[in-house]
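# Understanding the architecture of this molecule
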Amino acid sequence: MIDASIIDGHNDTLLRLLETENPLAAFTDGCEDIHIDLPSAHEAGLAAGFFAVFVLSSEEHDPISTADGYEHPLPNAVSHDDARAVTYRTLELLSRLAHEVDGFRVIRTLSDLDVCLESDILGAIPHLEGAAGVAPDLANLDFLYSAGVRSIGPVWSRPNAFGDGVQSRYPGNPDTGSGLTGAGRDLVQACEDRGIVVDCAHMTEQGFWDVAELTDTPLVVSHSGVHELCPHSRNLTDEQLVTVAESGGVVGITFHEPGLADDPDPDAEITAETIVDHIEYVSDFVGIEHVVFGSDFDGARIPDAVGDVTGLRVIVNGLRERGFGDEAIEKITRGNWRRVLAETW
Ligand code: ZN
């Protein structure tokens, strides 16, 4: 059963469920419109995932053409009050699902994670994708922790009280703005004190270096790609990959087509092979211990070859065909995530 239990580093399934008329039924019985529901997660062998709380921007941010590619206008900040309301509503939905859906639970501890890895129960690690719902003075951080939050990305790709998010550009490098604010540095320290993962996905390059300097825990970038293979501003440079590896951390490779397609067309498609290319690059360059899955199911344009969460099998098979053995696949699919969570929580 070497491939049976997978930990995936990022999904926006709660956002999709919030938009669904009957989220409990959709999640329990399955729903064609969402990538992760309970039946398909079981079929895929998904044991645990980072379930993001995400606050939508009020304005659209479709890509606009540039001389050699495209970029997304940086959305405006969302007010803390609005973000907090959405954050609490999303955590309330997660709590309802965990209480009312058999075979689904919230993961708060390493032993909760191990229960999911060793059983048919799917576990959700609550994650904040952008911390706009956290009070700038951190007054509600302990409340969020008690609600189960075990991972926080201080920024999404827009500004907030904690820092600037990276602007999406192709081609582009991650150095698109300033790093953490004073409140952002306090948030990173407070997360370290409580054993909350700090996720550097969507950070500017300066924000990434700020986190690297502030923390002694393994660095995590939950859903990103390799800049050397695809010069998208959200992807990690070789220097960043080395820094993540030296900290003992992990990079989750996203399945998001525009993030991995080395193509100036924002509608370009990729194959499962492209995802394997990014995983293989990180493994060859800094070591197998530092690469994991960070799909972005329900938040990204997923390649047809993958389709939904059941397509995790396609990626695992692709890794096998590329020569990754049982031990390597165990690390990529769950061992590396488990190691980092054991060190952080
Ligand atoms: Zn994201």
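The following paragraphs examine the structure supplied in this document. (Residues numbered from 1 in each chain as written. Predicted model: local features only at pLDDT ≥ 70, side-chain atom pairs only at ≥ 80, totals over all residues. Heavy atoms only, no water.)

## Re the overall build of the protein
When its secondary structure is counted, the protein shows 13 helices and 12 strands. Expected size for 345 residues packed as a compact globule is a radius of gyration near 20 Å; at 18 Å, the protein falls within 12% of this value. With respect to the three principal axes, the spread of C-alpha positions in the protein is 45 × 45 × 40 Å. Out of the 345 residues in the protein, the part that is buried amounts to 59%. The long-range fraction of contacts in the protein, counting pairs at least 24 apart against all pairs at least 6 apart in sequence, stands at 73%. When the accessible surface of the protein is totalled, it reaches about 13,100 Å², and 46% of it is carbon and sulfur. (Helix = DSSP H or I, 4+ residues; strand = E, 2+ residues; numbered from the N terminus. Rg over C-alpha atoms; globule rule 2.2 N^0.38 Å. Buried < 20%, exposed > 50% of the residue type's maximum accessible area, 1.4 Å probe, protein only. Contact = heavy atoms within 4.5 Å. Areas by Shrake-Rupley, 256 points an atom, 1.4 Å probe, with all protein chains shown as cover.)

## Thoughts on the coordination of the zinc ion
The coordination sphere of the zinc ion, as far as protein atoms go, consists of Glu-129 (OE), His-202 (NE2) and His-223 (NE2), spread over 2.1 to 2.2 Å. Counting residues between consecutive donors of the zinc ion along the chain gives the motif E-x72-H-x20-H. Here Glu-129, found in strand β6 (residues 122-129), pairs with His-223, found in strand β10 (residues 220-224); they are 94 residues apart in sequence, far enough to count as distant. (Donors = N, O, S within 2.8 Å, 3.2 Å for Na, K, Ca; no water.)

## Brief notes about unusual backbone geometry
Here the amide bond leading from Tyr-170 into Pro-171 is cis, since omega sits at -15°, within 30 degrees of zero. Examined against the element boundaries, Pro-171 turns out to sit in the loop between β8 (169-170) and α7 (182-194). A positive phi angle, close to 70°, is found at Asp-296, a residue other than glycine. When you line up the elements, Asp-296 lands in the loop between β12 (291-293) and α12 (312-321). Phi at Asp-298 takes a positive value of approximately 70°, unusual for a residue other than glycine. Turning to its location among the elements, Asp-298 is positioned in the loop between β12 and α12. Using a relative accessible area of 3% as the deciding quantity, one classes Asp-298 as buried.

## Focus on the pairing of β10
Of all the 5 residues making up β10, 5 are buried; the element is thus mostly covered by neighbouring parts of the structure. Considered for its hand, the β-α-β crossover made up of β10, helix α9 (residues 238-246) and strand β11 (residues 250-253) is right-handed. (Right-handed = clockwise from strand over helix to strand, strands pointing away.)

## Regarding the side chain of Asn-11
Residue position: Asn-11 is located in strand β1 (residues 6-11). A distance of 3.0 Å separates the side chain of Asn-11 from the backbone nitrogen of Thr-13, its partner in a polar contact. Once residues lying within four places of it in the same chain are set aside, the contact partners of Asn-11 are Ile-36, Gly-49, Phe-50, Phe-51, Ala-52, Asp-296 and Phe-297. (Polar contact = N/O pair within 3.5 Å; in protein donor to acceptor, adjacent residues only side chain to side chain.)

## A look at the sheet that holds strand β4 (residues 70-71)
Taken in spatial order, the 3 strands make up an open sheet running β3-β4-β8, and their pairing is antiparallel. The outermost strands of the open sheet, each flanked by one partner alone, are β3 (64-65) and β8. (Pairing = 2+ DSSP bridges.)

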